[in-house]
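Notes for the structure review
What follows is each chain in one-letter form.
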Amino acid sequence: MTKAISMDALLSPWVDCPSLSSILVSELELDSRNVQLGTTFVAIVGHVVDGRQFIFSAIKQGANAVIAQACDVKVHGMVEIIDDTPVIYLNALDKCLSEMAGQLYTYPAMQLIGVTGTNGKTTITQLIAQWIELIGSKAAVMGTTGNGFLDNLQEAANTTGNAVEIQKTLSSLAEQQAKFTALEVSSHGLIQGRVKALSFAAGVFTNLSRDHLDYHGTMEEYANAKLTLFTEHQCDHAIINVDDAVGAVWAKQLSNALAVSLKPHCEFEQAVFANHIAYAESGITIEFDGKFGCGTLHAPLIGEFNAANLMLAFATLLSLGFDKQDLLETASQLQPVLGRMELFQADGRAKVVVDYAHTPDALEKALQALRVHCQGELWAIFGCGGDRDAGKRPMMAEIAERLGDKVVLTDDNPRSEDPVVIMKDMLAGLVTPADAIVQHDRFKALSYALEHASPQDIILLAGKGHEDYQILNSGTIHYSDRESAMQLLGLSS
């Protein structure tokens, strides 16, 4: 729920401003374009845009006050009057914004589950939400594919939104009777303090592999960013994938860790682990044991990495007190997540699997997962994003050549980069680049594969998953791998 707070009370944890007690704050807004009469504008210094450039614009649109980031300690607490509107300057506003917004937007009866890691965040959050709904409670998600309830997700600009958006969205979900919300927590969101004031009933670590080095610089810094979910936030239960080398180290360091493993005889005392796993086209069957006893878990998902996702979701819900038998009885009703190892098939044609894999580790796991189901040749169609870590481009090409039978290189989101340059970087990772098909147009790339593949083949179309757009140098256009697969296979949407 949202409540109005006097400005002096809102700012009291950081600065004493009794002269502002008459100003009521009922709505915070970081985008000056969304400011309306009575809105309080928050002007932070972002990584791309300095919000203070829009203070005058926000005031013109009716802002009742402005809270602005101070970049000089001497300015902290200063109040400037512009066109009869107070502008209050605070140091490190970006770091305290989560707590500030939390005073205004509340959700006292809702439990939060934070999921961090390179891959698997979307799948795990949605499996958790699905499972809770199947058992009879109400759960929402926030992340890459959108925010809200699974049958009505609202588009999100980032995996983890800004500090105000997060608190505002959580408050809205609570008003809609959500009892749980599973959030994807990105490394950017952790480092930039966007979830700083959130309290998590459970935190989940999926895995760590190369990604976002253009931002973090090193894998060590990337790992340290993820670790803060468990060390710098209230996190009652830490659910850790110990099959990941980084996770195994963390599980030994965290006193509240529950280790999750796909391997029998797990070395951790507090653990949920698999004694046996069977993979079939009908799904995954896991015989498990550990802290919560033994049993058999079956769900209609594909691949080893989905076995890990399933086990992490299962262990999280057990830790939160959900009944084991209820979870086992409803697991068979779980559905694959949109654009995550999503299968499209038509009689007499090759199978097409659309997946969001856009990192070396994710591509490798997707191809390995499909290999056990492939009776013919395994095709890999993928590209690499522009204006992002260029070092992973040859790595992904090497993986596709090693694990696939046919490689088709295409464009992902080139952004401002020349697609030819991106393609050159990918080709550099191939032993026999002449054997790869180069087709910049993703629709034509899939069309080529379907024309040349046999009905026994499987085509992995990787990189964009659920996305229905492509970012080019000339702008953003509508494009969907899922729609392409349905159109070329003659399936109805």
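Reference entry: report on the structure contained in this document. Because the structure is a prediction, the values reported are computed rather than measured. (Residues numbered from 1 in each chain as written. Predicted model: local features only at pLDDT ≥ 70, side-chain atom pairs only at ≥ 80, totals over all residues. Heavy atoms only, no water.)

1. Some words on the overall build of the protein
A tally of helices and strands in the protein yields 16 helices and 25 strands. The globule rule puts the C-alpha radius of gyration for 493 residues at 23 Å, and the 24 Å found for the protein is close to it. By its C-alpha atoms, the protein is 75 × 55 × 40 Å across when sized along the principal axes. The buried share of the protein, reckoned over its 493 residues, is 55%. The long-range fraction of contacts in the protein, counting pairs at least 24 apart against all pairs at least 6 apart in sequence, stands at 65%. As presented, the protein carries roughly 20,600 Å² of accessible surface, and 49% of it is formed by carbon and sulfur atoms. One finds the centroid of the 34 positive side-chain charges in the protein at a distance of 2 Å from the centroid of its 59 negative side-chain charges. (Helix = DSSP H or I, 4+ residues; strand = E, 2+ residues; numbered from the N terminus. Rg over C-alpha atoms; globule rule 2.2 N^0.38 Å. Buried < 20%, exposed > 50% of the residue type's maximum accessible area, 1.4 Å probe, protein only. Contact = heavy atoms within 4.5 Å. Areas by Shrake-Rupley, 256 points an atom, 1.4 Å probe, with all protein chains shown as cover. Lys, Arg positive; Asp, Glu negative; His and termini not counted. Charge placed at Lys NZ, Arg CZ, Asp CG, Glu CD.)

2. Observations regarding the sheet that holds strand β5 (residues 65–70)
Strand order in the open sheet made by the five strands is β3-β4-β5-β7-β6, with mixed pairing throughout. In this open sheet, the two strands that pair with only one neighbour each are β3 (28–29) and β6 (79–82). Where strand β4 (residues 40–43) meets β5, four bridges bridge the pair, whose relative direction is parallel. Counted as the bridge partner of V42 is I67 from β5. This element, helix α3 (residues 93–104), spans β3, β4, β5 and β7 (85–91) of the sheet and lies at about 150° to β5. (Pairing = 2+ DSSP bridges. Axes fitted to C-alpha atoms, helices over the stretch in contact; angles between N-to-C directions.)

3. Structural notes on the pattern of salt bridges
Counted by the stated rule, this structure contains 13 salt bridges. Across the salt bridge formed by E417 and R393, the nearest N and O atoms sit 2.6 Å from each other. With E417 in the loop between β21 (406–409) and α14 (419–427) and R393 in helix α13 (residues 392–403), this pair connects stretches of sequence that are 24 residues apart. In this structure, E398 engages R402 in a salt bridge whose closest nitrogen and oxygen atoms are separated by 2.7 Å. Of the two residues, E398 and R402 are both situated in helix α13; the distance of four residues between them amounts to about one turn of the helix. Here the salt bridges share partners, and the residues they tie into one network are E27, E29 and K168. (Salt bridge = Lys/Arg side-chain N within 4 Å of Asp/Glu carboxyl O.)

4. A word on helix α5 (residues 163–175)
For α5, with 13 residues, the first-to-last C-alpha span of 19 Å sits near the 18 Å given by 1.5 Å per residue. Here α5 has its buried residues at A163, V164, I166, Q167, L170, S171 and L173. Those residues of α5 that are buried lie in contact with β3, α3, β8 (111–116), β9 (139–143), β10 (146–148) and β11 (180–184). Two to three positions downstream of the cap, the backbone nitrogen of V164 sits 3.0 Å from a side-chain oxygen, assigning the N-cap of α5 to N162. A positive phi of about 75° marks Q177, the residue just after α5. (Expected span 1.5 Å × (residues − 1). Polar contact = N/O pair within 3.5 Å; in protein donor to acceptor, adjacent residues only side chain to side chain.)

5. Regarding the packing of aromatic side chains
Two aromatic rings are characterised by how far apart their centres lie and by the angle between their planes. All chains considered together, the criterion is met by six aromatic pairs. Look at F205 and W250: their rings are 4.5 Å apart centre to centre, the planes differ by 50°, and that puts the pair in the tilted class. Taken together, the residues span a long stretch of sequence, with F205 in strand β12 (residues 199–205) and W250 in helix α9 (residues 245–253) at a distance of 45 residues. For the pair F205 and W250, a shared accessibility class is recorded, and that class is buried. Aromatic ring contacts, followed pair by pair, group W131, F288 and F314 into a single cluster. Sitting over the ring of F149, K138 keeps its end group 4.7 Å from the ring centre. Over the aromatic face of Y469 sits the side chain of K464, whose NZ or CZ is 5.2 Å from the ring centroid. (Phe/Tyr/Trp six-rings, centres within 6.5 Å; stacked < 30°, edge-to-face > 60°. Lys NZ or Arg CZ within 6 Å of the ring centre and 35° of its normal.)

6. Observations concerning the side chain of D50
Examined against the element boundaries, D50 turns out to sit in the loop between β4 and α2 (55–60). A distance of 2.8 Å separates the side chain of D50 from the side chain of R52, its partner in a polar contact. When residues no more than four places from it in sequence are discounted, the contact partners of D50 are I44 and V45.

7. Structural notes on the state of the cysteines
This model, assessed by the stated rule, comprises zero disulfides. Looking at the unpaired C17, the closest cysteine sulfur is the one in C96, lying at 12 Å. For C17, a relative accessible area of 4% translates into the label buried. (Disulfide = S-S within 2.5 Å.)

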